[in-house]
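Survey of secondary and tertiary structure
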Amino acid sequence: MAAISENVKKLFADHKEGFKFYALATSSSTGVPNVVPIGFLWVANDDEIWVIDNYLKKTLANIKENPVAAAYAIGGTGKDCVQIKGPAVYENSGADYEAAVKMAHSVNPGFPAKGLVKIRVAEVYDTTPGPNAGELL
């Protein structure tokens, strides 16, 4: 597994301030892709990204069939971009799930917060346009 660098953590934090939604990609077991905008996505620790499931349907079905995901963030200036890929697990009980629900409800008590998707970071790529695009960080 890969560790999330401080620079990548900052990109994810800057993205949230500038763009409000992240891109989360999954695919079915037959390779049909799905990309959705996600508002509740954050770097949970040095090797995991967490996503709250408020309204995931195809994404959740894909994670159950093919438990891998990718997330994308653009820095606040719109120039620096990264993509994180890794295995995904879904939880709807336990301490981490309860913490995620509490966070979601602190923003809006009406959010269903049905589950928590944890993406264990396996690879981090530079996706900034230019000569380094696509390089493993």
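Helix and strand counts for the protein stand at 3 helices and 8 strands. Starting at the N terminus and walking to the C terminus, you meet the elements of the protein as α-β-β-β-β-α-β-β-α-β-β. Against the 2.2 N^0.38 benchmark of 14 Å for 137 residues, the protein shows a C-alpha radius of gyration of 14 Å, consistent with a compact globule. Dimensions of the protein, computed from C-alpha atoms along their principal axes, come out at roughly 40 × 35 × 25 Å. Out of the 137 residues in the protein, the part that is buried amounts to 39%. For the protein, contacts bridging at least 24 residues in sequence account for 63% of all contacts bridging at least 6. Across the protein, the 13 positively charged side chains and the 15 negatively charged ones have centroids separated by 7 Å.

Helix length check: helix α3 (residues 95-107), at 13 residues, gives a terminal C-alpha distance of 19 Å against a target of 18 Å (1.5 Å per residue), a fit within 8%. For α3, the complete set of buried residues consists of Tyr97, Ala100, Val101 and Ala104. The arc that holds every buried residue of α3, seen down its axis, measures 100 degrees, which confines them to one face. More than 90 degrees from the buried face of α3, the exposed residues found are Ala95, Lys102 and Ser106. Lining the buried residues of α3 we find β3 (41-45), β4 (48-53), β6 (81-91) and β7 (115-120).

In the structure shown here, the tally under the stated rule is 6 salt bridges. One salt bridge connects Glu91 with Lys118, and the closest N-O pair in it is separated by 3.2 Å. You can see Glu91 sitting in strand β6 and its partner Lys118 sitting in strand β7, a full 27 residues away along the chain. The partner of Asp96 in a salt bridge is Lys118, with the nearest N and O atoms 2.4 Å apart.

Calculation rules
- Going along each chain's sequence as written, the residues are numbered from 1 onward.
- Totals for whole chains, interfaces and linings use every residue, but because this is a predicted model, local features are given only for residues with pLDDT of at least 70 and side-chain atom pairs only at 80 or more, for both listing and counting.
- Based on all heavy atoms of the structure, the side-chain values leave hydrogens and waters out of the count.
- Helix numbering and strand numbering both begin at the N terminus, where a helix is a DSSP run of H or I of at least 4 residues and a strand a DSSP run of E of at least 2.
- Our radius of gyration is a C-alpha quantity, and the globule rule it is checked against amounts to 2.2 Å times the number of residues to the power 0.38.
- Per-residue accessibility, obtained with a 1.4 Å probe over protein chains only, is compared with the maximum for each type, and a residue is labelled buried under 20%, exposed over 50%, and partly exposed between these values.
- Only heavy atoms enter the contact rule, under which two residues are in contact if any of them lie within 4.5 Å.
- In summary, the charge assignment counts Lys and Arg as positive and Asp and Glu as negative, without counting His or the chain termini.
- Note on charges: their place is set at NZ of Lys, CZ of Arg, CG of Asp or CD of Glu.
- Expected helix span is given by 1.5 Å per residue-to-residue step, counting one fewer step than there are residues.
- This arc corresponds to the set of directions leading from the helix axis out to the C-beta atoms.
- In the sections that follow, a salt bridge refers to a side-chain nitrogen of Lys or Arg positioned within 4 Å of a carboxyl oxygen of Asp or Glu.

Everything listed here is a matter of coordinates, which is why it stays silent on function.
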